[in-house]
Amino acid sequence: MADRTNGSRRRFLLWGGMATAIVAPAAYVIERYLSPPKTLGAVSPAGRDEALPAGGSKIVKVGLKDAFVARREDGTLYALDLACTHAGCTVAWNAARNEFLCPCHDGRFSRDGAVLGGPPKLPLHRLDVEVRNGVIMVAEDHV
Amino acid sequence: MSEEHAPYRTGSAPEHATAATPRPLAPVLAWLGRLRVPQGERTIWYYFGWFTLFLLGVMIATGTLLSIYYEPSAAPATTIDGKPMLAARVRAGTTLDRYPPGTIIPIPYDPAGGELLVPPTLRAAVEVLRDSTTGEPIRPSGAWTSVEWRIMREVEFGPLIRSLHAWGAGMLFASLFIHLFSALLSGAYRRPRRATWTTGMLLLLLVVGSAFTGSVLPWHVLGVSAARVATGYAEHGLPLLGGALASLLRGGTAVAAPTLTRIFSLHAILLPLLILGVTALHLLLVHAAGLRHDRDAVDGARGTRRGARRMRSALALASGSALLLAIVPAVTGTFDPGSPYIMLPLAILPVAVAHLLATLIAGSLRTDAGPAAATGHAWPEEIPFHGRWIRRDMIAWTLGFGVLATIAAAAPRIVEGTAGFPIDLTRPTPPAGHVRPEWYLRIPYELLNMLPGSLAMAAIALLLLALFLVPVIDPDGRRARAVRVAGLLLLALSAALMR
């Protein structure tokens, strides 16, 4: 009886091990294949350079993200991803308080994206911005 | 249905089914244990039918995965936020990891300003592909972008899945051709297996149709040229039905966007369903009429001698395949899975090794059924499906899939040169040069090249008709010699045309 149990266990371990050796790599490959693809970071035009004065700003779409593009008083450009770093809601500019306000949990950010209050711990993400042939270009990431 | 012709027969329950400990899966295992299948383990040819079926499963699984990302659209591709795209080639000397020199990639651009909407490092590394006559940029289709870019560049393991599908098709045809010729030369088409042969021939046609439609789907120069040539030959070479058939396939007067939709529908839905249906019928007929090779397995001392001879044949096949796999790359300078002289030995080798292994592991392979007189069934010997049969065939399948996965990982499927360029239906198609289809589609292709259109179509039709009618020409073995000679001639012709 004990021999039979041992034989059965050995057979179970042998075939179970072999099946795992075949199925596990296949399952891993399929899981990775089905996960969202690594797409090329989007780059979007944000209008002519001369059309954005010092202190001016605009909201544009970069890929599927909403982005805030602004020019400082010293003439430098910067761009922020408007997704709140707390829970991902889109923040809105509140002109009266001169700050970004998140409608979901009252997170507050300055015009430069720094945290002013509420649950967020991190500033708004910076996006790459450059002027190419007189056009402002905003990019999600580097290559 | 009589007992002799029942598709699945039941025998006495195996010992383990009566174990005292109740198990939830016990009834299922007991049923599987009672399921008997014909045994054909003493001949290597037996394996190729099952190996073809297994590869069909691989094709369905990988095809399903590919369809998740494939976009059957000939319209110009756009980004997920709707920006139009241009085709660009990575310049020589570029050292970006994700973009090897020569790769053609879709690049989003700003239609207002004409700027390429990619980061500066990538923008500096690419040149936009332009039409050679008008100089206009090429806009890749959604289909090309989904295959050559999304699956091949953006999706993890995408190249592996695509290569498994592409090289799997080659291995399936290798196994299928061996299966077909072994049946033809051994007389397996005769009574009572005539219907089995007919369904096998139907399967061959359906699989060829599936391979052709699959080659069009990437919507590159090679695929679109294949669609144009095939529908053109049908239109001008097939009397009466040719025009209607070409028009049905194209969805109009020329190969365009509707053609891709139709081809996709055929490749992904209609043909797989037909293949599954005819395969089920083929298997039922195998069960009803048995296997040709079983006859020798219970033929007493004569059968034993034949069994030993076939063991030696398997050993010779394994050695020959291994030798070919060593010699061909050495002579040609490349290991090209797209060559029949690589793919055929790649299909034979695991099967031959599995056959040898299975025969050597004698304990798990001895038949546990009596001779024909004892079973009283259409085939002389049978073994349980669950357990013995699965274990034995799993060796061949696992080895075969291991070989396939290795070549898929080592040699990703890439269509090189102009043949792989994207098609922009608003621009003239670039010349594809001398584009040849995959080796398994070359028999009709070369016949069409060598003979005038109508004559070539007549030759193909006659060849197919002759193959379909083999069981009628030689129903009982009286014309065996003539059929065997014709079969060998066809084998030689096929080998010459596929080269």
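Residues numbered from 1 in each chain as written. Chains lettered and ligands numbered in written order. Predicted model: local features only at pLDDT ≥ 70, side-chain atom pairs only at ≥ 80, totals over all residues. Heavy atoms only, no water.

1. A word on the overall build of chain A
Part 1 of the argument: For chain A, the helix and strand inventory stands at 1 helix and 10 strands.
Part 2 of the argument: In sequence order, chain A lays out its α and β elements as α-β-β-β-β-β-β-β-β-β-β.
Part 3 of the argument: Computed over its C-alpha atoms, the radius of gyration of chain A comes to 26 Å, more than 25% above the 15 Å expected for a compact globule of 143 residues.
Part 4 of the argument: Summarising its shape, the C-alpha atoms of chain A cover approximately 90 × 40 × 20 Å along the three principal directions. (Helix = DSSP H or I, 4+ residues; strand = E, 2+ residues; numbered from the N terminus. Rg over C-alpha atoms; globule rule 2.2 N^0.38 Å.)

2. Thoughts on the environment of G142 of chain B
Residue and element names in this part refer to chain B.
Part 1 of the argument: Take G142: it is sitting in helix α4 (residues 142–154).
Part 2 of the argument: By relative accessible area, G142 is classed as buried at 0%.
Part 3 of the argument: Other than its neighbours up to four places away in sequence, G142 contacts E71, S73, A75, P76 and A77. (Buried < 20%, exposed > 50% of the residue type's maximum accessible area, 1.4 Å probe, protein only. Contact = heavy atoms within 4.5 Å.)

3. Overview of the state of the cysteines
Residues and elements named next belong to chain A.
Part 1 of the argument: In this structure the tally under the stated criterion is 1 disulfide over all chains.
Part 2 of the argument: C89 shares a disulfide with C104; S-S distance 1.9 Å. Judged by the torsion about the S-S bond (-100°), the C89/C104 disulfide is left-handed. Taken together, the residues span a long stretch of sequence, with C89 in the loop between β4 (77–81) and β5 (92–94) and C104 in the loop between β6 (99–101) and β7 (108–109) at a distance of 15 residues. (Disulfide = S-S within 2.5 Å.)

4. Observations regarding the confidence of the model for chain B
All names here are of chain B.
Part 1 of the argument: Per-residue confidence for chain B gives a mean pLDDT of 81; residues scoring 70 or more make up 81%.
Part 2 of the argument: Confidence, expressed as mean pLDDT per element, reaches its minimum in chain B at helix α13 (residues 372–375) with 41 and its maximum at helix α6 (residues 194–216) with 95.
Part 3 of the argument: Note on residues 1–19: pLDDT is under 50 here. Beyond four places in sequence and across chains, it has 32 contacts.
Part 4 of the argument: Counting contacts from residues 294–303, a segment whose pLDDT is below 50, to residues more than four positions away or on other chains yields 16 contacts.
Part 5 of the argument: Note on the complex model: pTM 0.81, ipTM 0.76. (pLDDT = per-residue confidence, 0-100.)

5. Thoughts on a nonpolar patch on the surface
Part 1 of the argument: Together, L462, L465, L469, V472 and I473 of chain B make up an exposed nonpolar region whose accessible area comes to about 450 Å².
Part 2 of the argument: Among the secondary structure elements, L465 of chain B is positioned in helix α16 (residues 453–473). (Patch = residues over 30% accessible without salt bridge, like charges linked within 9 Å, V, L, I, M, F, W, Y side chains within 5 Å. Areas by Shrake-Rupley, 256 points an atom, 1.4 Å probe, with all protein chains shown as cover. Salt bridge = Lys/Arg side-chain N within 4 Å of Asp/Glu carboxyl O.)

6. Some points on the sheet that holds β7 of chain A
Across a sheet, paired strands are connected by hydrogen bonds in the backbone, their directions being either parallel or antiparallel.
Residues and elements named next belong to chain A.
Part 1 of the argument: Taken in spatial order, the 4 strands line up as β5-β6-β7-β8 in an open sheet, and their pairing is antiparallel. Looking at the sheet topology across the chains shown, the edges are occupied by β5 and β8 (115–117).
Part 2 of the argument: Both β5 and β6 contribute to a ladder of 3 bridges, which runs antiparallel. By the bridge assignment, A92 is partnered in β6 with L101. (Pairing = 2+ DSSP bridges.)

7. A word on the packing of aromatic side chains
Part 1 of the argument: Taken as a whole and judged by the stated rule, the model has 16 aromatic pairs over all chains.
Part 2 of the argument: Taking 6.4 Å as the distance between ring centres and 20° as the angle between the ring planes, the aromatic pair formed by F51 of chain B and F54 of chain B counts as stacked. Placement of both F51 of chain B and F54 of chain B in helix α2 (residues 45–69) is noted, with a separation of 3 residues, approximately one turn of the helix.
Part 3 of the argument: The exposure class assigned to F51 of chain B is buried, which follows from its relative accessible area of 1%.
Part 4 of the argument: For the ring pair Y189 of chain B and W197 of chain B, a centre distance of 5.8 Å and an interplane angle of 70° mean the geometry is edge-to-face. Of the two residues examined, Y189 of chain B and W197 of chain B, each falls in the buried class.
Part 5 of the argument: Of the aromatic side chains, those joined through ring pairs into one cluster are F68, Y78, W93 and F100 of chain A.
Part 6 of the argument: Here the guanidinium or amino end of R111 of chain A rests over the ring plane of W93 of chain A, the centre of that ring lying 5.9 Å away.
Part 7 of the argument: The cationic tip of R413 of chain B hangs over the ring face of W167 of chain B; the distance from NZ or CZ to the ring centre is 5.7 Å. (Phe/Tyr/Trp six-rings, centres within 6.5 Å; stacked < 30°, edge-to-face > 60°. Lys NZ or Arg CZ within 6 Å of the ring centre and 35° of its normal.)

8. Notes on the pairing of strand β2 (residues 85–90) of chain B
Moving residue by residue along a regular strand, the side chains alternate between the two faces of the sheet.
Residue and element names in this part refer to chain B.
Part 1 of the argument: The buried fraction of β2 amounts to 5 of the 6 residues, a majority that puts the element mostly inside the structure.
Part 2 of the argument: Bridge analysis of β2 against strand β3 (residues 104–108) gives 5 bridges, and the strand direction is antiparallel. Paired with M85 across the strands is P108, a residue of β3.
Part 3 of the argument: Two strands pair when backbone bridges link them, and β2 and strand β4 (residues 126–128) are joined in this way by 3 bridges, in the antiparallel orientation.

9. Regarding the interface of chain B and chain A
Buried accessible area, meaning the area lost when the parts come together, often serves as the stated size of an interface.
Part 1 of the argument: Counting residues at the interface gives 29 residues for chain B and 26 residues for chain A.
Part 2 of the argument: Roughly 2700 Å² is buried in total at the junction of chain B and chain A, and carbon and sulfur atoms are behind 65% of that figure.
Part 3 of the argument: Here chain B and chain A share 3 salt bridges between them.
Part 4 of the argument: Two residues, E115 of chain B and R132 of chain A, come together in a salt bridge whose shortest N-O distance is 3.7 Å. (Buried area = accessible area lost by both parts, 1.4 Å probe.)

10. Points about the pairing of strand β9 (residues 126–132) of chain A
All names here are of chain A.
Part 1 of the argument: When β4 meets β9, the two strands line up antiparallel, connected through 2 bridges. In the sheet register, A79 faces β9, and the bridge partner there is L127.
Part 2 of the argument: Here β9 pairs with strand β10 (residues 135–139) via 5 bridges, running antiparallel. Counted as the bridge partner of E130 is M137 from β10.
Part 3 of the argument: Hairpin connection, β9 to β10: the antiparallel pair is bridged by 2 residues, and N133 has positive phi, about 50°.

11. Focus on the pattern of salt bridges
Once the charged atoms of two side chains with opposite charge are near each other, the side chains can pair.
Part 1 of the argument: Per the stated rule, a full pass over the model turns up 20 salt bridges over all chains.
Part 2 of the argument: Across the pair E130 of chain A and R132 of chain A runs a salt bridge whose closest N-O atoms are separated by 2.8 Å.
Part 3 of the argument: The exposure class assigned to E130 of chain A is partly exposed, which follows from its relative accessible area of 25%.
Part 4 of the argument: Note that D476 of chain B is salt-bridged to R478 of chain B, the shortest N-O span being 3.6 Å.

12. Some remarks on the environment of A411 of chain B
All names here are of chain B.
Part 1 of the argument: For A411, the position within the fold is in the loop between α14 (385–410) and α15 (442–450).
Part 2 of the argument: A411 sits in the buried class, given a relative accessible area of 19%.
Part 3 of the argument: Between the C-alpha atom of A411 and that of S163, which follows or precedes it by 248 residues, the distance is 7.8 Å.
Part 4 of the argument: Contact partners of A411, with chain neighbours within four places excluded, come to S163, W167 and P337.

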